[in-house]
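A look at the structure
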Amino acid sequence: MACKLCGMTSENVAVKQKLAFIGTGIMGGPMAGHLVVGCHDVRVHNRTKARADALVAKGAQWAGTPAEASRGRDVVFLCVSDTPDVEQVLFGTDGVAAGAAPNTIVVDHSTISPASTREFARRLAAQGVTLLDAPVSGGDVGARNATLSIAVGGPTTAFEKVLPLLGLLGKTITHVGESGSGQLTKCVNQILVAVNNMAVCEALNFAVRSGLDPVKTLAVVGGGAAGSWQLTNLGPRMLAGDYKPGFTIDLQQKDLRLVAEMARDSKTPLLATALVQQLFTMAQSHGLGAQSTHALYEAVKGLSAVPSR
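To start, this report covers the structure provided alongside it.

A separate point is the overall build of the chain. Check the secondary structure of the chain and you find 14 helices and nine strands. Relative to its length of 309 residues, the chain is compact, with a C-alpha radius of gyration of 21 Å against a globular reference of 19 Å. Along the three orthogonal principal directions, the C-alpha set of the chain runs to about 60 × 50 × 35 Å. Residues classed as buried in the chain amount to 48% of the 309 residues present.

Listed below in C-alpha cells is the structure:
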C-alpha cells in the first residue's frame, strides 16, 4: 500500500526513521515539514508552541522539551538563532543531551560560532552522540522549496547516514570537512551574500537617481554577467518596498559578527564586509532590524536622500 502523503510503497516504508526537529520558525518549520511529508516519524519542539501547530496538524508529534523530543530518536535536527541558543537547547535543563541515547546523530542547521561548534561536538561525543554542523543557505524560499544548499562538517560516517534525510531539505549537500567546517563555509557564504546585497542596493539606487526605469534595468543586467541570486530574488522586492522578513537584518548582523571573529583569528582583512556591516548598523538604527536583509536598500537610499517612490 502507498502512503497517502508521499506515495511511498510498503517496501520503502521500512526506511522510516525516528526524528526530532527543534526550532520550527521561518526556516525550521518548512524544513521539518519536508521530513514529515517524507513519511518519517517526526517529533517537534519550539520555544513558542504555536509555531509548531501546522506541523502537528500534518502528523508530527509535539514534545514539551528538547530532551523529550530527543528520546528514542535516530537523528535530532536543530534550527535556532545563535550560539547561546544552541548551547541551551543541547546542554540546558531538559536539553538534547539529557534525552539523546548513544549513537544519536544531532544535525545543527543553525549558523553559530565554529569554535563553539567544535566544543559542543566534543561534549556530545563524550556521551556517544555525534554532532554535525550543517548550516543552510537559500533563505526561506529555499526552505519552503527544499532547494537549500547545505555545508556539513563532522564525521563522514555520520554524514553518509543522514544524507538521504538532507536530500529532502536541499539540492546542494556537501561534506566540507571536520567539525566546524560547515560553519566556516557558512561564513564564506555570508560574506558573499552581504557584499552582493550591498552591490544590488547601490546599483538600483544609482539607476533610480540616474532616471532609468529600474524594472527594465533589472531585466537587462540580470540576464548578463551582473546577474545573481540577490539581484533576481531581492531586487524586485527592493523596488516594491517589500521587506517582509525572511532572513532579518538582525540575524545577518549576528552572522557578520561571527565572520568578523573568525577573520580576526585568522588575521584576514575583510574591507567590504566591514563596510556593509556598518550599513546594516545604520539600517538597525532606523528601526529596520526586524525586516529582511534587503531593507538595506532603505539605508543606501538614505545616504543620497532619494525620495520615496
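Before going further, it helps to examine the environment of Gly167. The residue Gly167 is located in the loop between α8 (156-166) and β9 (170-177) in this model. Residue Gly167 is classed as partly exposed on the basis of its relative accessible area, which comes to 42%. Separated by 46 residues in sequence, Gly167 and Asp213 place their C-alpha atoms 41 Å apart.

Once that is clear, we can look at the packing of helix α12 (residues 249-266) against helix α13 (residues 271-285). Where α12 contacts α13, the two axes come as close as 10 Å, and the packing angle between them is 150 degrees. For the element pair α12 / α13, the angle class is roughly antiparallel. The hand of the α12/α13 crossing is left-handed. In this structure, α12 contributes Ile249, Asp250, Gln252, Gln253, Leu256, Arg257 and Val259 to the contact, and α13 contributes Thr273, Val276, Gln277, Phe280, Thr281, Ala283 and Gln284.

Within α8, burial applies to Ala158, Phe159, Val162, Leu165 and Leu166. The buried residues of α8 occupy one face: seen down the axis, they fall within an arc of 100 degrees. Exposed positions of α8 whose direction lies more than 90 degrees from the buried face are Thr157, Glu160, Lys161 and Pro164.

Another point: the packing of helix α10 (residues 214-222) against helix α11 (residues 229-240). Packing of α10 against α11 brings their axes to within 11 Å, and their N-to-C directions diverge by 175 degrees. Comparing the axis directions of α10 and α11 gives the class roughly antiparallel. Counted together, Pro214, Val215, Leu218, Val221 and Gly222 of α10 and Leu231, Gly235, Pro236 and Leu239 of α11 form the full contact between these two elements. The residue makeup of the contact of α10 with α11, split by class, is seven nonpolar, two polar and no charged.

On to the environment of Gly72. You can see Gly72 is positioned in the loop between α3 (66-70) and β4 (75-78). A sequence separation of 27 residues divides Gly72 from Gly99, and the C-alpha atoms of the two residues are 8.0 Å apart.

Right, let's talk about the pairing of strand β6 (residues 130-133) for a bit. Here strand β5 (residues 105-108) pairs with β6 via four bridges, running parallel. By the bridge assignment, Val107 is partnered in β6 with Leu132. In this region the chain leaves β5, passes through helix α6 (residues 114-125) and returns to the parallel neighbour β6; the handedness of that crossover is right-handed.

Okay, the packing of aromatic side chains next. If you walk through the whole model with that rule in mind, you get two aromatic pairs. Both rings, one in Phe21 and one in Phe77, keep their centres 5.7 Å apart while their planes meet at 10 degrees; by these two values the pair is stacked. Here Phe77 lies in strand β4 and Phe21 lies in strand β1 (residues 18-22), a separation of 56 residues in the sequence. According to the relative accessible area criterion, Phe21 is buried, its value standing at 0%. When the ring of Phe91 is compared with that of Phe120, the centres are 5.7 Å apart and the planes differ by 55 degrees; the resulting orientation is tilted.

Below, the discussion takes up the pairing of β1. Of all five residues in β1, four are buried; the element is thus mostly enclosed. The pairing of β1 with strand β2 (residues 41-45) spans five bridges and is parallel. Its bridge partner lying in β2, Phe21 is registered against Val44. Crossover handedness for the path β1 to helix α1 (residues 28-37) to β2: right-handed.

Rules used in this analysis
- Residues numbered from 1 in each chain as written.
- Predicted model: local features only at pLDDT ≥ 70, side-chain atom pairs only at ≥ 80, totals over all residues.
- Heavy atoms only, no water.
- Helix = DSSP H or I, 4+ residues; strand = E, 2+ residues; numbered from the N terminus.
- Rg over C-alpha atoms; globule rule 2.2 N^0.38 Å.
- Buried < 20%, exposed > 50% of the residue type's maximum accessible area, 1.4 Å probe, protein only.
- Axes fitted to C-alpha atoms, helices over the stretch in contact; angles between N-to-C directions.
- Parallel < 35°, antiparallel > 145°, perpendicular 65-115°, else oblique.
- Left-handed = near helix turned anticlockwise from the far one by under 90°.
- Contact = heavy atoms within 4.5 Å.
- Arc of directions from axis to C-beta.
- Nonpolar A, V, L, I, M, F, W, Y, C, P; charged D, E, K, R; others polar.
- Pairing = 2+ DSSP bridges.
- Right-handed = clockwise from strand over helix to strand, strands pointing away.
- Phe/Tyr/Trp six-rings, centres within 6.5 Å; stacked < 30°, edge-to-face > 60°.

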